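This is what each chain is made of:
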Amino acid sequence: PESVDKEKITVKLSCDLRAFYNDQLKHGLGMFDIYMSMHRKFHLRIDTMYNEIQRLVKGEEEEDEDDFSDLQNCINS
């Protein structure tokens, strides 16, 4: 099996991805079209973007009282 380098997602890029994703959802696009648009815009692998969006959505669903620690961990990693 080939080793795949993990793409880095900064806090700003994460915010940009989420904003773009939400905007695409508002237009009623399907998941395939959304991720292909994101791929063309951000030049990241689909799985990288998918994993990041899932992480963000999961974080919102949990609605931690300790959101700051998540942000701090993200910045420090």
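About the criteria used
Residues numbered from 1 in each chain as written. Predicted model: local features only at pLDDT ≥ 70, side-chain atom pairs only at ≥ 80, totals over all residues. Heavy atoms only, no water. Helix = DSSP H or I, 4+ residues; strand = E, 2+ residues; numbered from the N terminus. Buried < 20%, exposed > 50% of the residue type's maximum accessible area, 1.4 Å probe, protein only. Contact = heavy atoms within 4.5 Å. Areas by Shrake-Rupley, 256 points an atom, 1.4 Å probe, with all protein chains shown as cover. Phe/Tyr/Trp six-rings, centres within 6.5 Å; stacked < 30°, edge-to-face > 60°. Lys NZ or Arg CZ within 6 Å of the ring centre and 35° of its normal.

A.B. asks: How should the overall build of the protein be read in this particular structure?
C.D. replies: From N to C terminus, the protein includes four helices and zero strands. For the protein, the proportion of its 77 residues judged to be buried stands at 23%. A separation threshold of at least 6 residues defines the contact pool for the protein, and within that pool the share at least 24 residues apart is 52%. A total of about 6000 Å² of accessible surface is found on the protein, and carbon and sulfur atoms cover 54% of it.

A.B. asks: What's the story with the packing of aromatic side chains in this structure? I'm lost.
C.D. replies: The relative placement of two aromatic rings is captured by the distance of their centres and the angle of their planes. Enumeration over the complete set of coordinates arrives at three aromatic pairs. Plain terms: the ring middles of Phe20 and Phe42 are 5.7 Å apart, the flat faces sit at 90° to each other, and that makes the pair edge-to-face. On the criterion of sequence distance, the pair formed by Phe20 in helix α1 (residues 11-26) and Phe42 in helix α2 (residues 31-42) is long-range, its members being 22 residues apart. A single burial state applies to Phe20 and to Phe42, both of which are buried. Taken together through their ring pairs, the aromatic side chains of Tyr21, Tyr35 and Tyr50 make up a single cluster. It is Lys41 that lies over the ring of Phe42; its NZ or CZ is 5.6 Å from the centre.

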